[in-house]
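Observations on chain architecture
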Amino acid sequence: MSSTEQRVAVVTGAARGIGAATAVRLAAEGRAVAVIDLDESACKDTVEKITAAGGRAIAVGADVSDEAQVETAIARVVEELGAPTILVNNAGVLRDNLLFKMSVSDWDTVMNVHLRGSFLMARAVQKHMVDAGFGRIVNLSSSSALGNRGQVNYSAAKAGLQGFTKTLAKELGKFGITANSVAPGFIATEMTKATAERVGMNFDDFKAAAATQIPVQRVGEPEDIANAIAFFTGDAAGFVSGQVLYVAGGPLN
Ligand code: NAP
């Protein structure tokens, strides 16, 4: 890469929350960013934040679990921004329920967005990374990978992403591509707000209760995760691969 060339990053689920903070952070690091989410118009705020700060970004609507939409989305990124060499698989959904009440459709939705979506995206971008002899893949796991009541689907998907990450690291390392996983604890976003609503709690009370269980005594913010992702996607992180970093305000195992 010449010093004037800009690396192109793809961030999924980047209309809001952790994905939006990551897109903004990677743009601040000098990346051109494809802001991908289900609804293209919902990506407008993230794109505007980036361009207002002098960065380059485009909004792309795609369902990450749909093969054709993923292929079309990446073709658009190549055309409008250039070949992507950074991928952050962040798009996610919750369909929580206890095992005996969980529908097959709620199981499938969570598997499709997290696992199938990350697979389809990684497969679509890897050829560009191989051509460039450089790539950075970050997959969003979760503290729930260690097991969490009411999340048999989500915890299985998030644990699966850790195995996916380690295999990508082994397969793609020889092409200059690293793959790592960031596993957040409690982060204040629409996702955790929806969980508070589901259990009938005010979001501020829910966050305050969660903070008492976290060693640093606060819940995380999307920027806390974006900081970790910025490290893994940086040029300097080329010898760090196949790792899972819990970003949770304290140790988890
Ligand atoms: P969020 O606020 O709910 O944002 C997730 C984004 O992903 C939404 O904009 C959503 O779009 C989008 N999305 C959902 N399904 C998609 C699909 N099939 N294709 C494309 N985009 C899709 O969630 P978040 O809290 O920022 O979480 C981001 C990631 O971190 C997720 O993978 C999540 O599992 C993980 N995580 C979060 C926490 C936490 O405490 N917040 C903890 C651990 C891990 P719609 O709004 O249109 O559905």
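The rules behind these values
- Residues numbered from 1 in each chain as written.
- Predicted model: local features only at pLDDT ≥ 70, side-chain atom pairs only at ≥ 80, totals over all residues.
- Heavy atoms only, no water.
- UniProt positions renumbered as here; feature names shortened; annotations may be inferred.
- Helix = DSSP H or I, 4+ residues; strand = E, 2+ residues; numbered from the N terminus.
- Buried < 20%, exposed > 50% of the residue type's maximum accessible area, 1.4 Å probe, protein only.
- Salt bridge = Lys/Arg side-chain N within 4 Å of Asp/Glu carboxyl O.
- Expected span 1.5 Å × (residues − 1).
- Domains from an automatic or database assignment.
- Contact = heavy atoms within 4.5 Å.
- Buried area = accessible area lost by both parts, 1.4 Å probe.
- Core = buried A, V, L, I, M, F, W, Y, C linked by side-chain atoms within 4.5 Å.

The chain is annotated in an unreviewed UniProt entry as 3-oxoacyl-ACP reductase FabG of Streptomyces carpinensis. UniProt lists a comment for the chain under the heading Sequence similarities (unreviewed entry), and it reads "Belongs to the short-chain dehydrogenases/reductases (SDR) family."

Moving on: unusual backbone geometry. Unusually for a residue other than glycine, Gln217 sits at a positive phi of about 65 degrees. Examined against the element boundaries, Gln217 turns out to sit in the loop between helix H7 (203-211) and helix H8 (222-233). The class for Gln217 is exposed, based on a relative accessible area of 51%.

As a further point, take the pattern of salt bridges. Under the definition given, this model contains 10 salt bridges. In this structure, Glu48 engages Lys44 in a salt bridge whose closest nitrogen and oxygen atoms are separated by 3.8 Å. Highlighted residues: Glu48 and Lys44, both in helix H2 (residues 44-52), separated by four residues, approximately one helical turn. Of the charged contacts in the structure, one is a salt bridge between Glu80 and Arg76, with a shortest N-O distance of 2.9 Å. With Glu80 and Arg76 both in helix H3 (residues 67-80) and four residues apart, this pair spans about one turn of that helix. Classification of Glu80 by relative accessible area gives partly exposed; the value is 38%. Among the residues examined, Arg76 registers a relative accessible area of 27% and is labelled partly exposed. Each member of the salt-bridge network shares a partner with another, and the members are Arg7, Arg31 and Asp235.

To continue, consider helix H1 (residues 17-28). Each α-helix winds once per 3.6 residues, and so residues spaced three or four apart point in a common direction. Taking 1.5 Å per residue, 12 residues should reach 16 Å; H1 reaches 17 Å between its end C-alpha atoms and fits that length. Just downstream of H1 lies Gly30, where phi reads positive at about 100 degrees.

Turning next to the domain arrangement of the chain. One frequent convention defines the size of an interface as the accessible area lost when the parts assemble. Each domain of the chain was delimited in the assignment, giving domain 1 (8-184 + 222-246) and domain 2 (186-219). Relative to domain 2, the C-alpha centre of domain 1 lies at a distance of 23 Å. Each partner contributes to the interface: domain 1 provides 12 residues, whereas domain 2 provides nine residues. Summed over both partners, the interface of domain 1 with domain 2 buries about 760 Å², with 65% contributed by carbon and sulfur atoms. Broken down residue by residue, the surface that domain 1 buries against domain 2 is led by Leu94, Asp96 and Asp224, which jointly contribute 44%. Linking domain 1 with domain 2 are two salt bridges. For Arg218, the salt bridge goes to Asp224, with nearest N and O atoms at 2.8 Å.

On to the nonpolar core. Core analysis: the largest hydrophobic core is formed by 31 residues, its most contacted members being Val10, Ile36, Leu87, Met121 and Ile137. Counting residues per element, this core draws most heavily on helix H4 (residues 104-132), which supplies seven residues. Residues Val33, Val35, Ala59 and Ile86 belong to the second largest nonpolar core, which totals 27 residues.

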